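This is what each chain is made of:
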Amino acid sequence: QVVRCPILAKPDSPRLVMATQPPPFPGSSKDEHFRNMKFVVVTGGSVSGLGKGTAISSMGVVLKAHGLRCTAVKIDPYLNLDAGTMSPFEHGEVYVLDDGAEVDLDLGNYERLLDVTLTAEHSVTSGKIFETVIQQERKGSYLGKTVQMVPHVTDAIQFWLESVAVQPVDSQSGCPDICLVELGGTVGDIESAVYLEALQQMRFQLGPENMVLVHLGLVPTMGSTGEQKTKPMQHSVRILREAGLQPDFLFCRCESPVEQSVRRKISMFCQVPEDRVFSLHDVSNIYRVPLLLDGQEIAQAVCQKLQLSHKCVRIPNRTLSAENPSPHSVADWKVLADRVDDVSQEVIIGVVGKYTGLQDSYMSVIKALKHACIECGLHLVLEWIESSDLEPNMRTVDGAKYEASWRKLKSVHGILVPGGFGDRGIEGKVLAAKYARESNTPYLGICIGLQIAVIEFARHVVGWDLANSAEFDDVTPNPVVIFMPEVNATVKGGTMRLGSRVTIIKSNQCLAYKLYGSQGQVIYERHRHRYEVNPAVVASLESKGLKFTGQDERGSRMEIAELPDHPFYIGVQFHPEFKSRPARPSPPFLGLVLASAGLLQSRLEHDRGVLRVGGGYETD
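The following paragraphs examine the structure supplied in this document.

Reading guide: rules and limits
Per chain, residue numbering runs from 1 following the sequence as it is written. Per-residue local features are limited, in this predicted model, to residues with pLDDT of at least 70; the limit for side-chain atom pairs, both in listing and counting, is 80 or more; totals at the level of whole chains, interfaces and linings are taken over all residues. Excluded from the side-chain calculations are hydrogens and water; all other atoms, namely the structure's heavy atoms, are used. For this analysis, a nonpolar core means a set of buried residues of the types Ala, Val, Leu, Ile, Met, Phe, Trp, Tyr and Cys, connected via side-chain atoms within 4.5 Å. Here the term buried applies to any residue with accessible area under 20% of the maximum for its type, exposed to any over 50%, and partly exposed to those in between, with areas from a 1.4 Å probe on protein chains only. It only takes one pair of heavy atoms within 4.5 Å for two residues to be counted as in contact. Salt-bridge detection follows one rule: a side-chain nitrogen of Lys or Arg within 4 Å of a carboxyl oxygen of Asp or Glu. Each helix is a run of H or I in the DSSP string that is no shorter than four residues. Each strand is a run of E no shorter than two, and both are numbered from the N terminus. Here, two cysteine sulfur atoms that lie within 2.5 Å of each other are counted as a disulfide. Strand pairing is defined by DSSP finding a minimum of two bridges between the two strands. Interaxial angle, 0 to 180 degrees, is taken between N-to-C directions of lines fitted to C-alpha atoms, where a helix line uses only the stretch in contact. Method remark: on a 1 Å grid restricted to protein atoms, a set of points is classed as a cavity if a 1.4 Å probe fits but cannot get out and as a pocket if it is open with protein on both sides within 12 Å along at least five of seven lines; lining residues have an atom within 4 Å of a point. Grid points are joined across faces, edges and corners, and a volume is the space filled by probe spheres set on the points. We call a crossover right-handed when, viewed with the strands running away from us, the connection from the first strand over the helix to the second turns clockwise.

**Quick notes on the nonpolar core**
(1) Moving on: Ranked by internal contacts, the top residues of the largest apolar core, which has 57 residues, are Val 40, Met 59, Leu 63, Ile 178, Leu 180 and Phe 251.
(2) Moving on: Excluding anything up to four places from it in sequence, Leu 63 contacts Leu 68, Cys 70, Ile 178, Leu 180, Ala 299, Val 302 and Cys 303.

**Remarks on the pattern of salt bridges**
(1) Moving on: Across all of its chains, the model carries 31 salt bridges by this definition.
(2) Moving on: One salt bridge in this structure joins Lys 305 and Asp 248, with 3.6 Å as the shortest N-O distance. Note that Lys 305 is positioned in helix 11 (residues 298-305) and Asp 248 in the loop between helix 8 (231-242) and strand 10 (249-254), a separation of 57 residues in sequence. Just as Lys 305 is buried, Asp 248 falls in that class too.
(3) Moving on: Members of the salt-bridge network, linked through shared partners, are Asp 98, Glu 111, Asp 115, Arg 526, Arg 581 and Arg 584.

**Structural notes on the state of the cysteines**
(1) Moving on: Taken as a whole, this structure holds 0 disulfides when the rule is applied.
(2) Moving on: Counting only cysteine sulfurs, Cys 179 is the nearest neighbor of Cys 175, a cysteine outside any disulfide, at a range of 11 Å.

**Points about the sheet that holds strand 10**
(1) Moving on: One open sheet accounts for 7 strands, arranged 5-2-6-1-7-10-11; its pairing is parallel. A single partner strand is all that each edge strand has here, and the edge strands are strand 5 (123-125) and strand 11 (277-281). Neighbour to neighbour, the strand axes of the sheet diverge by 20 degrees on average, direction disregarded.
(2) Moving on: On top of the sheet, helix 4 (residues 106-114) reaches strand 2 (70-76), strand 5 and strand 6 (178-183); it is set at about 170 degrees to strand 2, its chief contact.
(3) Moving on: This element, helix 11, spans strand 1 (38-44), strand 7 (211-218), strand 10 and strand 11 of the sheet and lies at about 155 degrees to strand 10.

**Overview of the layout of surface pockets**
(1) Moving on: In this structure, the second largest pocket spans a volume of roughly 780 Å³.
(2) Moving on: Lining the second largest pocket are 38 residues, with Asp 115, Pro 325, Ser 326, Arg 581 and Arg 584 positioned closest to its centre.
(3) Moving on: Among the secondary structure elements, those contributing two or more residues to the lining of the second largest pocket are helix 2 (52-64), helix 4 and strand 19 (522-529).
(4) Moving on: The leading source of residues in the lining of the second largest pocket is strand 19, at 3 residues.

**Digging into the pairing of strand 10**
(1) Moving on: Among the 6 residues in strand 10, 5 count as buried, and that is most of the element.
(2) Moving on: As paired strands, strand 10 and strand 11 are joined by 5 bridges and run parallel to one another. Among the inter-strand pairings, Arg 253 is bridged to a residue of strand 11, identified as Leu 280.
(3) Moving on: Following the backbone out of strand 10, through helix 9 (residues 260-270) and into the adjacent parallel strand 11, one traces a crossover that is right-handed.

Spelled out as structure tokens, the structure:
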């Protein structure tokens with residue numbers, strides 16, 4: 001069950017009972033661990049989509065490269081308790097954490113770039129905050145006071161941030177040095193107002209040496225003259241100041257480096273020192289953003305403001321390898337950035353899905369493919385194929401689109417069917433899996449992609465023409481995929497099989513072991529599903545050649561399926577993309593990319609039969 005809020009565990013907190021006076025900020029002997037906690041808060045203005053998540057993650061990367069431990073919190077002002085019930089078209093992908101929390105995709109950015117493991121508490125939503133306050137009001141924790149936005153809701157926000165900030169999120173014990181906080185949306189949004197109020201109260205109580213505010217604003221280039229305009233930045237800073245917050249640093253999102261005269265103008269009108277106005281201009285790839293910030297000495301400036309200069313020491317360089325697969329120094333990130341820009345050999349991966357109209361719906365899948373390509377030294381070319389366009393009825397509706405989709409599918413080097421829900425486009429995915437099996441095209445199915453492979457095999461190899469999933473046809477005579485008995489059939493939010501679960505690889509001779517073997521035969525991956533392969537049909541499927549090489553700890557839930565006689569045909573019930581990292585790609589994705597490029601067998605021979613993730617960097 002997803003943890004709602006740390007405040008619920010402490011109903012006698014001063015923040016709940018002292019509603020008529022400023023509550024004492026943690027820092028007494030009772031709360032020793034808060035004394036050295038530092039906060040960096042990032043807000044955005046002008047327009048949404050400027051890249052606050054990338055900016056705050058990249059800043060964290062640079063701080064980590066200077067020896068500071070960082071954690072991260074995302075504030076989403078929407079009223080949903082979490083992102084679990086949101087359509088991918090509405091809000092992009094739903095990212096799943098180890099503890100099963102369904103959160104905003106920005107937390108995926110934090111985990112990937114900072115190489116940390118976050119929890120449900122690191123995702124703050126208005127739904128969670130209001131739920132907390134109402135529950136405490138029902139318990140009588142406010143001692144008869146009139147419950148209001150200020151101070152009760154603002155106090156709940158502050159208490160949440162204070163409590164979560166001290167939780168370690170890496171492999172070390174003890175509190176992080178800095179908590180990075182991203183406030184979603186743009187300043188001036190009605191739903192963000194209470195958070196701005198809470199942050200200005202928190203800053204007053206903490207003191208300017210313990211909390212800095214970074215504001216990301218737009219500096220557009222207008223017209224044929226290429227003149228950079230500062231008004232959007234000025235207006236968003238003015239709105240921020242009206243809420244009682246004066247930014248300490250300004251990040252200028254622009255096409256080209258901020259001109260010195262523009263920097264001087266922004267400094268004057270926004271009352272921020274000129275050396276604290278940073279340029280966040282377009283770069284060739286995301287891994288150059290930390291390099292961009294490091295070149296402007298962001299770590300030194302932030303540490304000076306937070307009185308952490310004594311800890312700000314640049315980590316020495318080391319070589320990325322299978323033994324050291326996590327980038328730590330700035331030089332490591334330069335290696336990644338240079339590899340992305342320098343590769344020339346292409347590998348074409350076809351993504352067959354139903355949300356292809358919005359690539360953010362598959363954000364982690366795209367990132368995992370890119371991580372694998374970087375490690376292999378390949379340039380990723382994605383072909384987006386709407387699964388419904390592959391279905392026979394599309395030929396009569398739009399013949400040109402049907403033909404174009406099949407041409408795309410037949411031109412790719414590898415096929416990926418990612419997760420999804422609902423029956424739209426399912427038959428197109430089945431046809432894609434059939435084509436991959438019959439043409440020996442490398443295939444990776446994730447979650448529903450595994451179930452699709454099972455349905456296709458049951459129909460066309462076993463001979464069960466009406467085989468289907470109970471999700472799509474509840475009266476099928478051959479339900480090869482069924483509803484899990486322990487899952488709630490009526491309540492949608494937070495009721496699936498979620499989070500990190502164990503998978504046991506049954507044999508050291510199968511493809512799954514060749515991909516995961518460096519981790520052993522017991523692996524942990526994140527899940528998000530309501531349906532599973534029907535255990536009653538496993539024997540029939542295996543007798544025809546489809547092998548279930550990975551199962552749960554009880555041996556009753558199928559986790560991995562593969563075709564031994566195929567060059568690369570594997571489906572996994574879990575979502576390996578959520579644990580992929582820039583220099584440590586997910587094994588199934590790395591295997592797919594290598595197989596699609598015709599390099600898997602030579603790589604396995606080089607790695608002595610078991611894939612060494614990160615070994616691709618050892619050739620540099």
